[in-house]
Amino acid sequence: MSCCRGKGQAYREALQRENAQLRHAVDSHATVDQAIGVLTAIHQLVPVAGFGVLREVSQHTNGSWTRPCSGVHASR
């Protein structure tokens, strides 16, 4: 019976990790969307262009999306 408990625990831990990853993805998505909104409002861009700006900044800084997006929020 102890072998089954171990598998159950491993399964729960895997679900908890997946849950944490999904929460992080949702939070990051919201941050990116907000940054696109700020760029479109301030610079009168269409959303696709705002997304392109964030993509370029992210590529040139070798960072994640959230770093330039957080910078956009701080500059408002």
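All of these numbers come straight from a predicted model, not from anything done at the bench. (Residues numbered from 1 in each chain as written. Predicted model: local features only at pLDDT ≥ 70, side-chain atom pairs only at ≥ 80, totals over all residues. Heavy atoms only, no water.)

Chemist: Tell me what's going on with the overall build of the chain, and back it up with residues and numbers.
Modeler: Secondary structure assignment for the chain yields 3 helices and 0 strands. When the helices and strands of the chain are read in sequence order from the N terminus, they spell out α-α-α. Taken across its 76 residues, the chain has 21% of its residues classed as buried. (Helix = DSSP H or I, 4+ residues; strand = E, 2+ residues; numbered from the N terminus. Buried < 20%, exposed > 50% of the residue type's maximum accessible area, 1.4 Å probe, protein only.)

Chemist: Report on unusual backbone geometry, specifying residues and quantitative values.
Modeler: Most peptide bonds adopt trans geometry, and most residues besides glycine take a negative phi value. In this structure, Gln44 is a non-glycine residue whose phi angle is positive, near 50°. Counting through the fold element by element, Gln44 comes out in the loop between helix H1 (2–43) and helix H2 (47–61).

Chemist: Explain the environment of Gly37 to me, and be specific about the residues and the numbers.
Modeler: Within the secondary structure, Gly37 sits in helix H1. With relative accessibility at 30%, the residue Gly37 sits in the partly exposed group. Along the backbone, Gly37 and Pro47 are 10 residues apart, and their C-alpha atoms lie at a distance of 7.2 Å.

Chemist: How would you sum up the environment of Val46? Please name residues and give values.
Modeler: Residue position: Val46 is located in the loop between H1 and H2. On the basis of relative accessible area, Val46 is assigned to the exposed category, the value being 53%. Between the C-alpha atoms of Val46 and Ile36, which are 10 residues apart in sequence, the distance is 9.1 Å.

Chemist: Describe in detail the confidence of the model for the chain, supporting the description with residues and values.
Modeler: Here the chain averages 82 in pLDDT, and 74% of its residues register 70 or above. Within the chain, no element has a lower average pLDDT than helix H3 (residues 66–74), which sits at 63, and none a higher one than H2, at 88. (pLDDT = per-residue confidence, 0-100.)

Chemist: So what's going on with H2? Which residues, and what values?
Modeler: Between the first and last C-alpha of H2 there are 21 Å, a value that for 15 residues agrees with the 21 Å anticipated at 1.5 Å per step. Taken residue by residue, H2 has Gly50, Gly52, Leu54 and Ser58 as its buried positions. One or two positions beyond H2, positive phi appears at Asn62, with a value near 50°. (Expected span 1.5 Å × (residues − 1).)

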